[in-house]
Amino acid sequence: MGPNGSAAGIKLIARRKRWLKVHLYLGMTVGALLVLIGLTGSILVFHLEIDEWLNPHLLRVTPQPGGVKAYRPVDELIEAARRALPEGAVLTFGQYPRHDGIAYRWNGQVPTSPGSTSFESEVYHVFVDPYRAEVLGSRLVRPAGWAGSIPRTFIGFVFALHYALLLPRIGEPPLGDAVVAVIGLVLVVSLVSGLYLWWPKRGGWRAALTIKQPAHVRRRNFDLHKTSGVYFFVVLLGICISGVYLNLRAPFYVAVRLFSPAVDRHDLRSTALPGRPSLSIGDVLTYVTAQYPGGRPEWLYLPKKPTGTYTICQRDVPGLSLILSRRCVVVDRYSGEIVHVQSPERGTAGDYFIQWQWPMHSGQIFGMTGRWIVFASGLICPLLFVTGWYLWWRKRRVPRSAA
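In short, a report on the structure. (Residues numbered from 1 in each chain as written. Predicted model: local features only at pLDDT ≥ 70, side-chain atom pairs only at ≥ 80, totals over all residues. Heavy atoms only, no water.)

Here we look at the sheet that holds strand 6 (residues 309–315)
Step number 1: The sheet built from 8 strands is open, its strands ordered 4-3-2-1-5-6-7-8 with antiparallel pairing. Only two strands of the sheet have a single neighbouring strand rather than two, namely strand 4 (134–142) and strand 8 (338–342). The sheet shows a mean angle of 20° between the axes of neighbouring strands, direction not considered.
Step number 2: The sheet contact formed by strand 6 and strand 7 (residues 327–332) spans 6 bridges and is antiparallel. Its bridge partner lying in strand 7, Cys313 is registered against Cys328. (Pairing = 2+ DSSP bridges. Helix = DSSP H or I, 4+ residues; strand = E, 2+ residues; numbered from the N terminus. Axes fitted to C-alpha atoms, helices over the stretch in contact; angles between N-to-C directions.)

Put into structure tokens, the structure is as follows:
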């Protein structure tokens, strides 16, 4: 080998060692948190089904002939929910029944004093039978103050552990959300460094993509670590990036807008009209479903402030996209004007990229198949950490044994 080739080889080895250290340090520092976030994420893929299984008395109703057509008007349902909450409660959003045997779920925020922040308020769920407009029950999900760091329900606890590590929701963005978002960014670097270290330099793709058999336990751990990371690389990368979006929405939009315009529907505002009261959620839901028939309503977001908007999100909308089938319609609460439609059939590249984030993170982007893939990716996280830790431990142990 000539001098130039030798120098290039030495630089390549040095660069590889640096990336190996980066990968090792990141894996050993945030790896344990990756296990926690990954396992809780696997649970949350099926959080609706689990909550229904754990709380049938709150969620299950007897389906009636006609299904959705037999539902009571949504304004009756929301009024029943308001009566079941403590005085001063503000309903923030509702979850439309995902099938005809499930109750409406309304989220209510109860300030502990005038002007209370979200951190200082209690959060309740109220469940209403859609056929009879009767309250099936309510539950306190998150107490006010520091006690709210640990929600009172199983799914609420898993959610808080997953996206905030049970850290208090203080500050803007909340402390826990920011910490988990930073972890997500670190994991992106760890994944990319792992891919660089795995990439075959002189062919050898077969060995790089398979687990050698038979082999020493160290070799099997190495092969298991690299192949699981490579086969789930795209999924894990998408989950990490979408996790940053969900926890740090505003900064994420700033980054996306560097490349393409994008509308954040949460920033849109209603314009108050003199002498005209706010529309009801029933008026808005009827109008949106008439303008955009097809699909089933999923989330009904209510205005939290006088300038807030209504947002109706629909799922399983036919004809939208083979991958994305979700549409969210933002409506001015006073005029009833549709101010924005978030849908894969319209918008910029930035808008389209944003629309991928929640379906990617939850697995809904590919229906039930996607949910199982995301579920499996959460289980891959402890596998990556354990096999990586074993390789690090063996490497430290061998020199000591030799000495």
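Still more ground to cover, so stick around.
Some details on the side chain of Asp332
Step number 1: Residue placement: Asp332 occurs in strand 7.
Step number 2: The buried charged residue Asp332 lacks any salt bridge, with Arg333 as its nearest oppositely charged partner at 7.1 Å.
Step number 3: A distance of 2.8 Å separates the side chain of Asp332 from the backbone nitrogen of Tyr334, its partner in a polar contact.
Step number 4: Here Asp332 is in contact with Arg269, Ser270, Thr271, Leu279, Glu337 and Val339, once residues within four sequence places are set aside. (Buried < 20%, exposed > 50% of the residue type's maximum accessible area, 1.4 Å probe, protein only. Lys, Arg positive; Asp, Glu negative; His and termini not counted. Salt bridge = Lys/Arg side-chain N within 4 Å of Asp/Glu carboxyl O. Polar contact = N/O pair within 3.5 Å; in protein donor to acceptor, adjacent residues only side chain to side chain. Contact = heavy atoms within 4.5 Å.)

Description of empty space enclosed by the protein
Step number 1: Applying the stated criterion across every chain, the model contains 2 cavities of 30 Å³ or more.
Step number 2: There is about 120 Å³ of room inside the largest cavity.
Step number 3: Around the largest cavity, the lining residues are Leu48, Asp51, Glu52, Leu59, Gln95, Tyr96, Pro97, Arg98, Ile102, Ala103, Arg105 and Phe127.
Step number 4: Counting residues per element, the lining of the largest cavity draws most heavily on helix 2 (residues 47–54), which supplies 3 residues.
Step number 5: Of the residues that constitute the lining of the largest cavity, the class distribution is 7 nonpolar, 1 polar and 4 charged.
Step number 6: In this model, the second largest cavity occupies a volume close to 40 Å³.
Step number 7: Around the second largest cavity, the lining residues are Phe119, Arg142, Pro143, Gly145, Gly148, Ser149, Pro168 and Arg169.
Step number 8: The class makeup of the residues in the lining of the second largest cavity is 3 nonpolar, 3 polar and 2 charged. (1 Å grid on protein atoms, 1.4 Å probe; cavity = no way out; pocket = protein on both sides within 12 Å on 5 of 7 lines; lining within 4 Å. Points joined across faces, edges and corners; volume = space filled by probe spheres on them. Nonpolar A, V, L, I, M, F, W, Y, C, P; charged D, E, K, R; others polar.)

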